[in-house]
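# Close look at the chain arrangement
Chain residues, written in single-letter form:
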Amino acid sequence: MRIALFATCLVDGLFPEVGKATVTVLRRLGHQVVFPMEQTCCGQMHVNTGYPREALPLVRRYADTFEPYDAIVTPSGSCAGAIRHQHAQVARQFGDDALVDRVEAVAARSYELSELLVDVLGVTDVGASYPHRVTYHPTCHSLRILRVGDRPLRLLRAVDGIDLVELPQAQTCCGFGGTFALKNSETSTAMLADKMRAIQSTGAQMCAATDASCLMHIGGGMSRLDVGTETVHLAQILASTKDAR
Amino acid sequence: MTTFLGMPTASPTVHLRTGESFPDAARTGLADSQQRHNLRVATTTIREKRAGVVAELDDWEQLRAAGAAIKDATLAELPDHLERFEAAVTERGGTVHWARDGDEANAIVTRLIQATGETDVVKVKSMATEEIGLNEALATAGITATETDLAELIVQLGDDRPSHILVPAIHRNRSEIRDIFRDHMDDVDPGLTNDPEALAGAARLYLRRRFLSAKVAISGANFGVAETGTLCVLESEGNGRMCLTLPRTLITVMGIEKLVPTWRDLEVFLQLLPRSSTGERMNPYTSMWTGATEGQDFHVVLLDNGRTATLADPHGRSALRCIRCSACLNVCPVYERAGGHAYGSVYPGPIGAVLSPQLTGVKDNPSLPFASSLCGACYDVCPVAIDIPTMLVHLRAEVVAAKREEHRVPTAEAASMTAAAWTMTSRRRWTAALRSLSLGRVARRMPALPPPLSSWARSRDLPQMPRETLRDWWVREGSDVPPAAPEEDA
Ligand code: SF4
């Protein structure tokens, strides 16, 4: 299958390893991955901060860029959620009915990585090997906007050598929330502290998630505390094999 | 009446807003480790209880949808329902008063009490009277109002503000309550312990004297039934029932959105509310009254206070579905850390973050729509399915638009948002921007970063900057894959 990768602005600029890992997994499964160079950002940051007018050209751009593809994958539950639930809202708000139809059609073919693997490609075992103690944080937007359910966990459970440990209070927000982390920095930090405490209590070496943004927040906090636990994106675990090490 | 609904002239009163912004007000709550502990224990307990009783019903989602649909349908024809309600109450010997805002409502209630010649009244816990600051207004008129709900009484005696819709003293633990009782209750046992039974006993004694002497009571209402003019109050302690039955004059203050069309509709809400609020299958004390009973004088004050304006906003309207169950507060991670006082309104938590600015207008509460990480937990538990996150996002846009109108020069945030959008709408500009970022090599723990990075770096390291962006890697490495479609090379 030919799959277009929407890396997201954050992965493109800050976490290219997550994008590469996504490519690796899909290629290993025998699929062709393309990276449309016109892609930039889904516009979620603009919408969520109160700037829908600025998001409108980004919404249009996403449709323009990804319309030609039958399947689009993104290693971000949050961006996939924005594409599915905000793009049409924004287009509608500015009265662009033709755009509403287009973004809805593209959104229907846009998947978060675990959705694409489990629902579209029908695999849970992607042939990965990752001999580490890992705990999984189900990020809010993956969980509640996208409703990815246990798909990421099913993929993780099939990973060879992994020691998957349950995270207490897993469904509680880590405190990132986009510009919330800046505008309400102190409340965000208090939420992060509790999340880090929960992660540490599991004794995991790695905390995994499906969103680079939340991992940046959690990882930034843990790095500051030097607690020795690191963050890893689901795609990176799924891309790991025995040979690669 | 219809003209009134279309013309809210006065502005809502003070208990819906604060001068302080949420981030500033939150600081106090965040620093209060005792309060944070109290909140965590209380919300966790009630959250689990709620989840348990909700899981028992296999038609919960249908009930939720029914609750939302009934409320929406009622709101769509609110003027008609209000007229029917007024006619029904009047026919049964009650008197209906209309109040555009808190000041008008307070004046009406004060006048009604003064007409009885009484100076002491008892109160059933009510958010509407909290919202309009009735107790304070009565105090200036020389009338003492005693709260009879235990938690509300604790707040009142402690000269405190409520921090939760349902459990106003949720931020207090038993020892703190014992201290408040000991210091503020006349003839309390000085050896009072913090044993729950002892505390309840002290409150019972204190309140009993007031129940038996009160000639006037004030209540709110959880629901009003348009077809019969019936009012309905749900409570857990039975103290409300004492207020509703013993005094000779009963004055009910009710927001205009509290109506349901028929008796039948109540059934849905009497299932939704107790499970969502206290985690109980059925409410312990449900009182209903229709018009005036013999020997009793009954008044109902219908309060607008910003509700008509909220109704007129297609994005904000659904906030009026709220049945004040407080489930959204109990699951909110922001509420749990910052505490209820941080919201500066009698409506704290997620619903407060939308309802308060809806009622006052965003200019008066500009920081509240941002007091959320948009995690969505509130939407999931709301028994009337209010999509709070989406409403917050709409309100944020209103705040930004209002700021734009106010200032000729764009704010720093607006300027950076415009710049980001400009960069992100061109492949060339975006590629260049990402490259400069990866070459930038900002130190991960740099002490003095410019905003907004400074507020990030106060508690979090920045990520390690990669040497190469993904797109540059793709151009270098991606070429070994089968030929790309022409549009990728554009
Ligand atoms: S918004 Fe929903 S969950 Fe929150 S208090 Fe109102 S009815 Fe309850």
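Positions within a chain are numbered from 1, following the residues in the order the chain's sequence is written. Here every chain gets a letter starting at A, and every ligand a number starting at 1, in the order they are written. Local features in this predicted model are restricted to residues whose pLDDT is 70 or higher, and side-chain atom pairs enter the listing and the counts only when it is 80 or higher, whereas totals over whole chains, interfaces and linings include all residues. Side-chain measures were taken over the full set of non-hydrogen atoms in the model, leaving aside hydrogen atoms and water.

- By the naming in an unreviewed UniProt entry, chain B is L-lactate dehydrogenase complex protein LldF, taken from Allobranchiibius huperziae.

- Chain A is annotated in an unreviewed UniProt entry as L-lactate dehydrogenase complex protein LldE from Allobranchiibius huperziae.

## Notes on the UniProt feature "domain: LUD" (unreviewed entry) in chain B
- Sites flagged by UniProt as "domain: LUD" (unreviewed entry) map to residues 82-302 of chain B.
- A run of DSSP states H or I qualifies as a helix once it reaches four residues; a run of E qualifies as a strand once it reaches two. Both are numbered from the N-terminal end. A helix fraction of 44% and a strand fraction of 21% characterise residues 82-302 of chain B, whose end C-alpha atoms lie 9 Å from each other. UniProt positions are given in the numbering used here, feature names are shortened, and annotations may be inferred rather than shown by experiment.

## Section: the pairing of strand E5 (residues 133-136) of chain A
All names here are of chain A.
- Here E5 runs beside strand E6 (residues 163-165); their pairing, made up of three bridges, is parallel. Across the sheet, threonine 135 pairs through a bridge with valine 165, a residue of E6.
- In this scheme, strands are said to pair when DSSP sees at least two bridges between them. Of the strand pairs in this sheet, E5 and strand E7 (residues 206-209) are connected by three bridges, and their pairing is parallel. Across the sheet, tyrosine 136 pairs through a bridge with alanine 208, a residue of E7.

## Some remarks on the UniProt feature "domain: Cysteine-rich" (unreviewed entry) in chain A
All names here are of chain A.
- Per the UniProt annotation, the sites labelled "domain: Cysteine-rich" (unreviewed entry) are residues 3-83 and 134-218.
- The span residues 3-83 shows a helical share of 57% and a strand share of 11%, and its end C-alpha atoms are spaced 17 Å apart.
- A helix fraction of 48% and a strand fraction of 12% characterise residues 134-218, whose end C-alpha atoms lie 15 Å from each other.

## Section: the sheet that holds E7 of chain A
Residues and elements named next belong to chain A.
- Across the sheet, which stays open at both edges, the four strands sit in the order E6-E5-E7-E8 with parallel pairing between neighbours. Only two strands of the sheet have a single neighbouring strand rather than two, namely E6 and strand E8 (230-233). Going across the sheet, the axis of each strand differs from the next one's by a mean of 35°, ignoring polarity.
- The criterion used for residue contact is that any of the two residues' heavy atoms lie within 4.5 Å. With axes taken as lines fitted to C-alpha atoms, and helix axes fitted only over the stretch in contact, angles between N-to-C directions fall between 0 and 180 degrees. Running over the sheet, helix H13 (residues 212-225) touches E7 and E8 and is turned about 170° from E8.

## Examining the pattern of salt bridges
- Every case where a carboxyl oxygen of Asp or Glu lies within 4 Å of a side-chain nitrogen of Lys or Arg is listed as a salt bridge. Under the criterion given, the structure shown has 45 salt bridges over all chains.
- For arginine 172 of chain B, the salt bridge goes to aspartate 160 of chain B, with nearest N and O atoms at 3.1 Å. A residue pair is termed long-range when its members are at least 10 positions apart, and arginine 172 of chain B in the loop between helix H9 (150-157) and helix H10 (174-184) and aspartate 160 of chain B in the loop between H9 and H10 qualify at 12 residues.
- Under the relative-accessibility criterion, aspartate 160 of chain B is labelled partly exposed at 22%.
- Through salt bridges that share partners, Asp194 and Arg197 of chain A together with Arg47, Glu336 and Arg337 of chain B make up one connected network. Only protein chains enter the accessibility calculation, which uses a 1.4 Å probe; a residue whose area is less than 20% of its type maximum is buried, one above 50% is exposed, and one in between is partly exposed.

## Re the side chain of arginine 460 of chain B
- Tracing the backbone shows arginine 460 of chain B in the loop between helix H22 (453-457) and helix H23 (470-477).
- Note on charges: Lys and Arg go in the positive column, Asp and Glu in the negative column, and His and the chain ends are not counted at all. Although arginine 460 of chain B is buried, it forms no salt bridge, and the closest oppositely charged side chain is aspartate 461 of chain B at an N-O distance of 9.1 Å.
- At a separation of 3.2 Å, a polar atom in the side chain of arginine 460 of chain B contacts the main-chain carbonyl oxygen of serine 455 of chain B.
- Ignoring anything within four residues of it in the chain, the contact list for arginine 460 of chain B reads Ala181, Ser185, Ser188, Thr189, Leu192, His217, Gly220, Gly221 and Arg224 of chain A together with Ser455 of chain B. As used in this structure description, the phrase polar contact means that two N or O atoms lie within 3.5 Å; if the pair is within protein, one of them must be able to donate a hydrogen and the other to accept it, and residues adjacent in sequence are counted only when both atoms belong to side chains.

## Concerning H10 of chain B
All names here are of chain B.
- Three or more residues of H10 are buried, namely Ile177, Arg178, Ile180 and Phe181. One side of H10 holds all its buried residues, which, seen down the axis, span an arc of 160°.
- On its buried face, H10 is in contact with H9 and helix H11 (196-213). The arc in question is formed by the directions pointing from the helix axis toward the C-beta atoms.

## Here we look at the domain arrangement of chain A
Residue and element names in this part refer to chain A.
- Along its sequence, chain A is organised into domain 1 (2-120) and domain 2 (133-239).
- Residue ranges assigned to each domain were obtained from an automatic or database domain assignment. Computed over C-alpha atoms only, the centres of domain 1 and domain 2 are separated by 22 Å.
- In this complex, domain 1 contributes 29 residues to the contact, which on the side of domain 2 involves 22 residues.
- The buried area of a pairing is the accessible area, by a 1.4 Å probe, that goes missing from both parts when the two are put together, added over both. Contact between domain 1 and domain 2 buries roughly 2000 Å² in total, counting both sides, with carbon and sulfur atoms accounting for 69%.
- The tally of links from domain 1 across to domain 2 stands at one salt bridge.
- Across the pair arginine 151 and aspartate 119 runs a salt bridge whose closest N-O atoms are separated by 2.9 Å.
- Linking domain 1 to domain 2 there are 12 residue pairs in polar contact (both at pLDDT 80 or more).
- Those elements that place two or more of their residues in the side of domain 1 that touches domain 2 are helix H1 (9-13), helix H2 (16-28), helix H3 (44-49), helix H5 (77-85) and helix H8 (113-120).
- Top element by residues in the side of domain 1 that touches domain 2 is H2. It accounts for seven residues.
- Within the side of domain 1 that touches domain 2, the residues separate by chemical class into 12 nonpolar, 11 polar and six charged. Put simply, Ala, Val, Leu, Ile, Met, Phe, Trp, Tyr, Cys and Pro go in the nonpolar bin, Asp, Glu, Lys and Arg in the charged bin, and everything else, Gly too, in the polar bin.

## Here's the deal with the site of the ligand
- Throughout, the term near means that a residue has one or more heavy atoms lying within 4 Å of the molecule or strand in question. Around the ligand there are 13 residues in total, and Cys322, Cys325, Ser326, Cys328 and Cys382 of chain B lie nearest to it.
- A per-class count over the shell around the ligand returns 11 nonpolar, one polar and one charged.

## Brief notes about the packing of helix H4 (residues 52-66) of chain A against helix H20 (residues 412-424) of chain B
- Where H4 of chain A contacts H20 of chain B, the axes come no closer than 9 Å and their chain directions differ by 20°. If you check the angle between H4 of chain A and H20 of chain B, you find them roughly parallel. Judged by the sense of rotation from one axis to the other, the crossing of H4 of chain A with H20 of chain B is left-handed. Listed contacts from H20 of chain B to Glu54, Leu58 and Arg61 of chain A of H4 of chain A are Met417, Thr418, Ala421 and Met424 of chain B.
- A per-class count over the contact of H4 of chain A with H20 of chain B returns four nonpolar, one polar and two charged. For classification purposes, an angle smaller than 35 degrees is called roughly parallel, one larger than 145 roughly antiparallel, one from 65 to 115 roughly perpendicular, and anything else oblique. Handedness of a crossing follows from how the near helix is turned relative to the far one, being left-handed for an anticlockwise turn of less than a right angle and right-handed for a clockwise one.

## Here's the deal with the packing of aromatic side chains
- Two aromatic rings from Phe, Tyr or Trp, using only the six-membered ring of Trp, form a pair when their centres are within 6.5 Å; if the ring planes differ by under 30 degrees the pair is stacked, by over 60 it is edge-to-face, and anything between is tilted. Scanning the model with the defined rule gives 11 aromatic pairs over all chains in all.
- Centre to centre, the rings of tryptophan 289 of chain B and phenylalanine 298 of chain B are 6.4 Å apart; their planes meet at 90°, and the pair counts as edge-to-face. Phenylalanine 298 of chain B matches tryptophan 289 of chain B in its accessibility class, with the two residues each being buried.
- A network of ring pairs unites the aromatic residues Phe6, Tyr62, Phe66 and Tyr69 of chain A as a single cluster.
- Either the NZ atom of lysine or the CZ atom of arginine qualifies as a charge over a ring when it sits within 6 Å of the ring centre and within 35 degrees of the ring normal. The aromatic ring of phenylalanine 269 of chain B is capped on one face by lysine 71 of chain B, whose charged end is 5.7 Å from the ring centroid.
- We note arginine 460 of chain B situated over the ring of tryptophan 456 of chain B; from NZ or CZ to the ring centre the distance is 4.5 Å.

## Quick word on the interface of chain A and chain B
- Contact residues are listed per partner, giving 71 residues for chain A and 72 residues for chain B.
- In total, about 6100 Å² of surface goes out of reach between chain A and chain B, with carbon and sulfur atoms giving 58% of it.
- Contact with chain B buries area across many residues of chain A, yet Met37, Tyr51 and Arg224 of chain A alone supply 12% of it, more than any other trio.
- In this structure, the connection of chain A to chain B is made through nine salt bridges.
- Of the charged contacts in the structure, one is a salt bridge between glutamate 38 of chain A and arginine 427 of chain B, with a shortest N-O distance of 3.4 Å.
- Across the contact surface, chain A and chain B share 32 residue pairs in polar contact (both at pLDDT 80 or more).

## What to know about unusual backbone geometry
- Positive phi values are uncommon outside glycine, yet arginine 147 of chain A reaches one of about 55°.
- As for its placement among the helices and strands, arginine 147 of chain A is situated in the loop between helix H9 (140-145) and helix H10 (151-157).
- Relative accessible area serves as the criterion here: at 46%, arginine 147 of chain A is assigned to the partly exposed category.
- For asparagine 305 of chain B, which is not glycine, the phi torsion reads 50° and is therefore positive.
- When you line up the elements, asparagine 305 of chain B lands in the loop between strand E10 (297-303) and helix H14 (307-312).
- Among the residues examined, asparagine 305 of chain B registers a relative accessible area of 0% and is labelled buried.

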